[in-house]
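Tertiary structure, described
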Amino acid sequence: MQNSKLWRLFSVLRLEERRCFLDFVASPYFNRRSETLRLLEVLLPFQKEAPGKTFLFEKVFPGMPYNDHRLRQTMSFLSKLLLDFLAYETFKGDGVEKERLLGIALHKRRVADLGETVLADAKALLYALPARNVDFHECTYRLGLVSYRLAFDHVEPGAAVVQELSDQLDTAFLARKLWQACFLWSHQSVSNTAYHYGLLPQIMAFLEKNGLPEAPAIATYYHCFKALSEPEEASHFERFLTIILEKNSAFPDEELRDLYVLALNFCIRQNNAGNPAYHRAQFELYREGMAKGYFISEGYLPRTTYLNAVTSALVVGAYEWAEQFTDHYRSQLQTGYRQALWRFNHARLAHARRNSGQALELLREVDVRDLMLQLAVKTLQIKIFYELGAFDLLESHLQALHTFIRRKKELGYHRNNYLNLIRLLRLRLELPTLDRSAKKSWLAQVEATGELAEREWLLAQT
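As the structure is a prediction and not an experimental result, all values here were calculated from the model.

1. A look at the confidence of the model for the chain
Overall, the prediction assigns the chain a mean pLDDT of 90, with 99% of residues at 70 or greater. Element-level pLDDT for the chain is lowest in helix H23 (residues 455–459), with a mean of 87, against a maximum mean of 97 in helix H16 (residues 319–328).

Here is the structure:
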């Protein structure tokens, strides 16, 4: 029972949802099976651990010999009701979509005048919402299409109505296509997968010839895609950043989180490629995003965000913010990673404040599970050993890191970042102490290497 579909669905319901679901199952409109209602009543008191199947059968079918097939069938009926309940709750909470579907129902029943009233209410609901994102434009078009069909029942729609519907479709399509293109590009950059972008070249040419429409959803994702695909043209990222930091009321919080992630990934890739101009923007995105709660999901902060935000703060010297952030959000990490990540962030702070002994002590106590955290721990140890002049330990750790990277095929573009770090650090160790020309040549190699972890740290080792 613990791993059954029914329990997996039921166990995530809040107390209020369980009560509503009981009313749902008790209604003969939705359910006429008394054993299904009894099964739910038995399950209601259970929270984390599911009852055994034998116990359930005895309660639901008292006095009958155990029949696994009958119990599984009843569980299946209740699972289906629970899925229907979740769908109904979602539908009930979307007033605009509910009114749109009602308009369709009235259209089918040939009462167009009532349908038009319903559609007017739906449009009022939609325009009262602050969002003007892609979903808004798609919903506007769907409502317009139902209005057109209702009007067509009793009068030929005027040219203005037909044109407006066409314009709504263009806006919705352009916005959605640009939205999709941004996420294709972002995924392509980390997965080494080549995607086909369909009509995107023609869309970009159309927009560049005719100008961007006023819709924020189009301008935002247009500048986002241009920044991702043409990073050398800084104006696109600057415009994209301005929209999401200062003019973001057009987007709901969950979409703003996605936009922040797109912007952060752009900054990270630019920094890794040797363009430090984006460090400050990256830090501001983390600081602003955390202040507004964009990165918290169901009460938890992703461990990558916890690490990357501190990395960004350390690079720009915001040590106090990094320390406060590390301690404040410790409790919002998943339990299994909480202690290790907290210790690692404090180890990095100790290193930044030139307390290498404390940093190494903290690193020894980090229980490493995450692949990227393993890389980060090994890299910080290497930096400390170099700075301390412990070259025997350094060589041992460089070799261990090289072997580790070669074995981990799933590292993606991170693989070359760290292999280049190892190669360049070994070259630095081989340089004659007083040979300025050799050092200058080595620095040029560091600057010219496209994919490189810890570039700024290497450049400082002169």
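2. Some points on the side chain of Gln270
Among the structural elements, Gln270 can be located in helix H13 (residues 253–272). For Gln270, the residues in contact, after removing those within four places along its chain, are Pro231, Asn275 and Tyr278.

3. Regarding the packing of aromatic side chains
The tally for this structure, following the rule as stated, stands at 30 aromatic pairs. When the centroid spacing of 5.9 Å and the interplanar angle of 45° are considered together, the rings of Trp7 and Phe10 count as tilted. Residue Trp7 and its partner Phe10 are located together in helix H1 (residues 5–10), separated by three residues, close to a single helical turn. The burial state of Trp7 is the same as that of Phe10; both residues are buried. Each ring, one from Phe325 and one from Tyr329, has its centre 5.0 Å from the other, and the planes form 45°; the classification is tilted. We note that Phe325, like Tyr329, is buried. Among the aromatic residues, those joined into a ring-pair cluster are Phe21, Phe24, Tyr29, Phe30, Phe85 and Tyr88. The ring of Phe136 has Arg132 sitting right over it, with the charged end atom 4.3 Å from the ring centre. Sitting above the plane of the Phe404 ring, Lys378 keeps its charged end 5.2 Å from the centroid.

4. Considerations on a nonpolar patch on the surface
Residues Tyr88, Phe91 and Leu101 make up a contiguous nonpolar surface patch of about 250 Å² in total accessible area. With respect to the helices, strands and loops of the structure, Tyr88 is situated in helix H5 (residues 68–93). On the basis of relative accessibility, which here comes to 39%, the residue Tyr88 falls in the partly exposed class.

5. Looking at the pattern of salt bridges
Counted according to the given criterion, the structure contains 20 salt bridges. Ionic pairing is found between Lys292 and Glu288, a salt bridge with its closest N-O pair at 3.2 Å. Judged by its relative accessible area of 35%, Lys292 falls in the partly exposed class. In this structure, the salt-bridge partner of Glu361 is Arg364, at a minimum N-O distance of 3.1 Å. Pair noted here: Glu361 and Arg364 are both in helix H18 (residues 356–364), with a separation of three residues, about one helical turn. Classification of Arg364 by relative accessible area gives exposed; the value is 60%. One salt-bridge network, in which partners are shared between bridges, spans Lys53, Asp68 and Arg72.

Calculation notes
- The residue numbering used here restarts from 1 in each chain and proceeds along that chain's sequence as written.
- Only residues with pLDDT of at least 70 get local features here, since the model is predicted, and only at 80 or more are side-chain atom pairs given and counted; chain-wide, interface and lining totals rely on the full set of residues.
- Excluded from the side-chain calculations are hydrogens and water; all other atoms, namely the structure's heavy atoms, are used.
- Each residue carries a pLDDT value, the predictor's own confidence for that position, ranging from 0 to 100.
- Under the DSSP-based scheme used, a helix requires at least four consecutive residues in state H or I and a strand at least two consecutive residues in state E, with every element numbered from the N terminus.
- Note on definitions: a residue-residue contact is assigned when non-hydrogen atoms from the two residues lie within 4.5 Å.
- For Phe, Tyr and Trp, where Trp contributes only its six-membered ring, two rings pair if their centres lie within 6.5 Å, and the inter-plane angle classes them as stacked under 30 degrees, edge-to-face over 60, or tilted in between.
- The buried label applies to any residue whose accessible area, calculated with a 1.4 Å probe on protein chains only, is under 20% of its type's maximum; exposed applies above 50%, and partly exposed to all values in between.
- Only when the NZ atom of a Lys or the CZ atom of an Arg is both within 6 Å of the ring centre and within 35 degrees of the ring normal do we say a charge sits over the ring.
- In this analysis, a patch consists of residues with relative accessible area above 30% that form no salt bridge, clustered at 9 Å for like charges and at 5 Å for the nonpolar side chains Val, Leu, Ile, Met, Phe, Trp and Tyr.
- All accessibility values rest on the Shrake-Rupley procedure with a 1.4 Å probe; residue burial counts only the protein chains present in the view.
- Salt bridges are counted wherever a side-chain nitrogen of Lys or Arg sits within 4 Å of a carboxyl oxygen of Asp or Glu.

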